[in-house]
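The primary structure of each chain is shown beneath.
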Amino acid sequence: MNLVLFAVLSCAIAAVGGMALWHGAASDPVAGADGEVAGEHEGVIQSDFVYREMTYDINPGKDYAVYTNYACPHCAEFYFGAQAEGIEYTSRILLLEDAEGAFSTQKLVSAYMLKLYRDDSAAYAALEAELFGSQAEWTVLDEPDLLAWLNEHAGRRWVSSDLASESEDIVQIERDAPVDLEYVPGVFRDGERCDGLMYDLLGQGAEILASSGEEASNEV
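Residues numbered from 1 in each chain as written. Predicted model: local features only at pLDDT ≥ 70, side-chain atom pairs only at ≥ 80, totals over all residues. Heavy atoms only, no water.

Draft legend 1. Seen up close, helix α3 (residues 121-133). Over its 13 residues, α3 runs 18 Å from end to end, which matches the ideal 18 Å to within 8%, given 1.5 Å per residue. Among the residues of α3, Ala-123, Tyr-124, Leu-127, Glu-128, Leu-131 and Phe-132 are the ones counted as buried. Mapping the buried residues of α3 onto a view down its axis gives an arc of 155°, with all of them on the same face. Along α3, exposed side chains directed more than 90 degrees from the buried face belong to Ala-122, Ala-126 and Gly-133. Taken together, the buried residues of α3 touch β4 (64-68), α1 (73-85), β5 (89-93), α2 (106-119), α4 (135-138) and α5 (143-154). The N-capping residue of α3, defined by a side-chain oxygen 3.1 Å from the backbone nitrogen of Ala-122, is Asp-120. (Helix = DSSP H or I, 4+ residues; strand = E, 2+ residues; numbered from the N terminus. Expected span 1.5 Å × (residues − 1). Buried < 20%, exposed > 50% of the residue type's maximum accessible area, 1.4 Å probe, protein only. Arc of directions from axis to C-beta. Contact = heavy atoms within 4.5 Å. Polar contact = N/O pair within 3.5 Å; in protein donor to acceptor, adjacent residues only side chain to side chain.)

Draft legend 2. Just the pairing of β4, in detail. Taken across its five residues, β4 has five buried, putting it largely inside the fold. Residues Tyr-64, Val-66 and Thr-68 line one face of β4 and the alternating positions Ala-65 and Tyr-67 line the opposite face, and both faces are buried. When β4 meets β5, the two strands line up parallel, connected through five bridges. The residue bridging Tyr-64 from the neighbouring strand is Tyr-89, located in β5. (Pairing = 2+ DSSP bridges.)

Draft legend 3. How the structure looks around the confidence of the model for the chain. Of the residues in the chain, 77% have a pLDDT of 70 or more, and the chain-wide mean is 81. Note on residues 1-18: pLDDT is under 50 here. Beyond four places in sequence and across chains, it has 84 contacts. (pLDDT = per-residue confidence, 0-100.)

Draft legend 4. The sheet that holds strand β8 (residues 192-193), seen in detail. What the three strands build is an open sheet, ordered β3-β8-β7; its pairing is antiparallel. One side of each edge strand has no neighbouring strand; the edge strands of this open sheet are β3 (45-46) and β7 (188-189). Bridge count between β7 and β8: two bridges; the pairing is antiparallel. Opposite Arg-189, over in β8, you have Glu-192 as the bridge partner.

Draft legend 5. Structural detail: the pairing of β5. Counting buried residues in β5 gives five out of five residues, a clear majority hidden from the surface. Of the two faces of β5, the one lined by Tyr-89, Ser-91 and Ile-93 and the one lined by Thr-90 and Arg-92 are each fully buried. After leaving β4, the chain enters α1 and then returns to the sheet as β5, a path that is right-handed. (Right-handed = clockwise from strand over helix to strand, strands pointing away.)

Draft legend 6. View of α5. Over its 12 residues, α5 runs 16 Å from end to end, which matches the ideal 16 Å to within 8%, given 1.5 Å per residue. By the burial criterion, the buried members of α5 are Leu-146, Leu-147, Trp-149, Leu-150, Asn-151 and Ala-154. Those residues of α5 that are buried lie in contact with α2, α3 and α4. With a side-chain oxygen positioned 3.0 Å from the backbone nitrogen of Asp-145, the residue opening α5 is Asp-142. Taken from the residues just after α5, Gly-155 is the one with a positive phi, measuring 70°.

Below you can see the structure in the form of C-alpha cells.
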C-alpha cells in the first residue's frame, strides 16, 4: 500500500504566530504565539483515513499528498521542507474558515492554481514556488490586483468567471477533508496521522525561509 501523506496546512487569524484549528476540527491541540503546539507530539496516531484519487488532485498518484493553502506561512514551510528532502506529493487545496486579512483572496488564488495545473502543470509548478516564496507581496492585494498579479506571473489572461468550475471543486475539497483532521498542519497516510514527519518538514522549511530572508536583507 502506498504511503499517502496528507499535510493539511491552513491558518486562521493567529497563523503568523503558530498553527491553528481548522474549522472542521474535532479536538483541541493548538499553537501558542511561540509556535509550539499544546497536546501530544506522537510521531504516528491511528486514523481511519484512506486515500482515494479525486478529480481535484494536483499531481495525483504520488506517494505523498498535501492539503495546502497558499497564504498560510506553515504551508510555505512545509513546501520548502519537502523540496529540500526531494519529496514529491499530491496536492489538495484547502479553503480556511477565516477569510480575512492574508486569507481574504484565498478562494481566488485556490481556484486559479487548480485551473493553472489543469492547463499547464509546468506553469503551475513555477507559480506555486513563487506564491510560497513571496507571500508578503501578494497577500496584501485585493482580488482585481491579485488576479492581475497571477496572470502576469502565469502568462494568462483569465478573468474571474473563467474559474467557476475550479471554485466548485475547491469547495468539494473542504467537504471531503479527513474527519480526524484536528489542527493545521496535519499529516496523514493510510491508517495513520503522521505528526512527527509533519513537524520535521516544517522545521526544515522554517530554517530555509529564515536563511533566505537573511540573505535578502544582506543584499539590500
